[in-house]
Amino acid sequence: LFFSGLTAMEKKLAEYKCNTNEAIQLKLVRFPEDLEDENTTFNPEYSHQVFGDDEVAFGYKGLKILLYYIAGNLSTLFRVEYTSRVNEKFDCVEADDVESKIREIIPPGFCTNTDDFVSLLEKEVNFKPFGMLLHTYSIHNEDAGEDITYQIYKADMTCPGFREYHERLQTFLMWFIETASFIDVDDERWNYFLVFEKYNKDGATLFATVGYMTVYNYYVYPDKTRPRVSQMLILPPFQGEGHGAQLLETVHRYYMSSPTVLDITAEDPSENYVKLRDFVLVKLCQDLLCFSPAKLMQGFSQEMVTEAQQKLKINKQHTRRVYEILRLRATNMGDAEQSRSYRLDVKRRLIGPYKKKQRELAKMRRCLRPEEMTNQLNQIDLNLQREQLEESFQQLVSDYRRVLERLAQA
């Protein structure tokens, strides 16, 4: 009897678990009717940094965590709604304090009711982008049947209102970047690049936030800096439209004009970021003389490294990838000799880490007694190594082909 009672209780409590990725409803609001429109709602990809690895909130049925932002200046509406909640008196369990978890990551000064939020929406016409305009571009929008104009700005903490705006903007990182963290905005070596969409409302031109990038300027002895891309986010309603490429290319062009910049790197880049960077860097490099088809066929050269770094601020490792992608384009893979030469060239780079491992093993062998050595690691199986190498190569080629396809369409 006791056990069946427990499972009934457990069943009851299980009904009070909500997936926080589904419960959190985000919106970027331009018009009052967006509030009621399901199509303008989007959800987080991650909520583990706020709600733990299970991404679950306990104690509610029908939980909705509303985080609505005004499209431009990101003034926030935050409300928690639910159909029912566990009750300590009867259930002897406590519901998670969802509200305080969200309050920890969103800055104070948000609205809690819709009327206040809508009245703020009317003031949105006064919102203008921060900082200095770097680039304007337009993208044809199928749904709207027209070209939409976007602008990229460089901002810093001296721009009035930017500090508060950035606090609201960075909360999106928690939901869309797996290992996101907030940055120390009092460090002046941060640069901020922002993307905005221009849109019309009642005959006026307004600006909506599309995404942004933060870049940290590392000092390089004696008189150079090495900008490192830290975070980059295009908000979900705008993803897949090419804004990331526009932003990254604009940032490269901004630093290219600076004689003190050595090259641009990225901190712990995601797979998607690497694909984006490949595309942008190949696009920038393809017209350099050092990447002419004849020179590509002669192999990777110091000339490529120097020219890419001096003209485009691209570091050696990234230049090597650009070379491999452009060489693939110049190679007839149907020709046995050409394709063999390409395969060997790329595999020679890929085998580097394996060779390093074997040198380390040889070193260990000299220091360890034989029985310890077998425990440490048996000789890397050469056949396995060959298989892994071939797999890495095939994967790379398919990634490279995707970059080339995108380039052909650009």
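Note that the structure is predicted; figures quoted are calculated from it, not measured. (Residues numbered from 1 in each chain as written. Predicted model: local features only at pLDDT ≥ 70, side-chain atom pairs only at ≥ 80, totals over all residues. Heavy atoms only, no water.)

1. Some thoughts on the sheet that holds strand β2 (residues 24-29)
Piece 1. Overall, mixed pairing links the four strands, which are arranged β3-β2-β6-β7 in an open sheet. Each edge of the open sheet carries a strand with a single partner, namely β3 (41-42) and β7 (76-81).
Piece 2. Taken together, the six bridges between β2 and strand β6 (residues 64-70) define a ladder with parallel strand orientation. Along β6, the bridge assignment pairs L28 with Y69.
Piece 3. Contacts from helix α6 (residues 114-122) reach β2, β6 and β7, with the element oriented near 20 degrees to β6. (Pairing = 2+ DSSP bridges. Helix = DSSP H or I, 4+ residues; strand = E, 2+ residues; numbered from the N terminus. Contact = heavy atoms within 4.5 Å. Axes fitted to C-alpha atoms, helices over the stretch in contact; angles between N-to-C directions.)

2. A closer look at the pattern of salt bridges
Piece 1. Counted according to the given criterion, the structure contains 20 salt bridges.
Piece 2. The salt bridge partner of R30 is E197, with a shortest N-O separation of 2.9 Å. Placement of R30 in the loop between β2 and β3 and of E197 in strand β11 (residues 190-201) is noted, with a sequence separation of 167 residues between them.
Piece 3. Given the relative accessible area of 17%, R30 is considered buried.
Piece 4. Look at E197 and you get buried, because its relative accessible area is 6%.
Piece 5. A salt bridge links R327 to D345; the nearest nitrogen and oxygen atoms lie 3.6 Å apart. Placement of R327 in helix α12 (residues 316-330) and of D345 in helix α13 (residues 336-350) is noted, with a sequence separation of 18 residues between them. Accessibility classification places R327 together with D345 in one group, the buried group.
Piece 6. Counted as one network, the salt bridges with shared partners bring together R320, E324, R327, D345 and R349. (Salt bridge = Lys/Arg side-chain N within 4 Å of Asp/Glu carboxyl O. Buried < 20%, exposed > 50% of the residue type's maximum accessible area, 1.4 Å probe, protein only.)

3. Describing the pairing of strand β13 (residues 224-234)
Piece 1. Relative to β13, strand β12 (residues 204-220) runs antiparallel, the two being bridged by ten bridges. Residue pairing across strands places V215 opposite V229, the latter belonging to β13.
Piece 2. The loop that links β12 with its antiparallel partner β13 comprises three residues.
Piece 3. In this structure, β13 lies alongside strand β14 (residues 265-266), joined through two bridges in parallel fashion. In the strand pairing of β14, V229 is matched with A266.

4. Brief notes about the nonpolar core
Piece 1. Counting residues in hydrophobic clusters, the biggest one holds 108 residues, and the most contacted among them are W175 and F291.
Piece 2. Dropping the residues within four chain positions of it, F291 is found in contact with C285, L296, M304, T319, V322, Y323 and L326. (Core = buried A, V, L, I, M, F, W, Y, C linked by side-chain atoms within 4.5 Å.)

5. Thoughts on the pairing of β7
Piece 1. With six bridges connecting them, β6 and β7 associate as antiparallel partners. Opposite I65, over in β7, you have V80 as the bridge partner.
Piece 2. Connecting β6 to the next strand, β7, in antiparallel fashion are five residues, including L74 with a positive phi near 65 degrees.

6. Concerning the domain arrangement of the chain
Piece 1. Looking at the assigned domains, one finds that the chain contains domain 1 (12-124), domain 2 (128-268) and domain 3 (296-369 + 380-409).
Piece 2. Just the C-alpha atoms count here: the centres of domain 1 and domain 2 sit 26 Å apart.
Piece 3. Counting residues at the interface gives 28 residues for domain 1, matched by 26 residues for domain 2.
Piece 4. Summed over both sides, the interface between domain 1 and domain 2 buries roughly 2400 Å², with carbon and sulfur atoms accounting for 65% of that surface. (Domains from an automatic or database assignment. Buried area = accessible area lost by both parts, 1.4 Å probe.)

7. Structural notes on the side chain of E324
Piece 1. In this fold, E324 is placed in helix α12.
Piece 2. Within polar-contact distance, the side chain of E324 engages the side chain of R320 at 2.8 Å.
Piece 3. A polar contact of 2.6 Å, which involves the side chain of E324, links it to the side chain of Y400.
Piece 4. With sequence-adjacent residues up to four places away left out, E324 is seen in contact with Y342, V346, R349, L396 and Y400. (Polar contact = N/O pair within 3.5 Å; in protein donor to acceptor, adjacent residues only side chain to side chain.)

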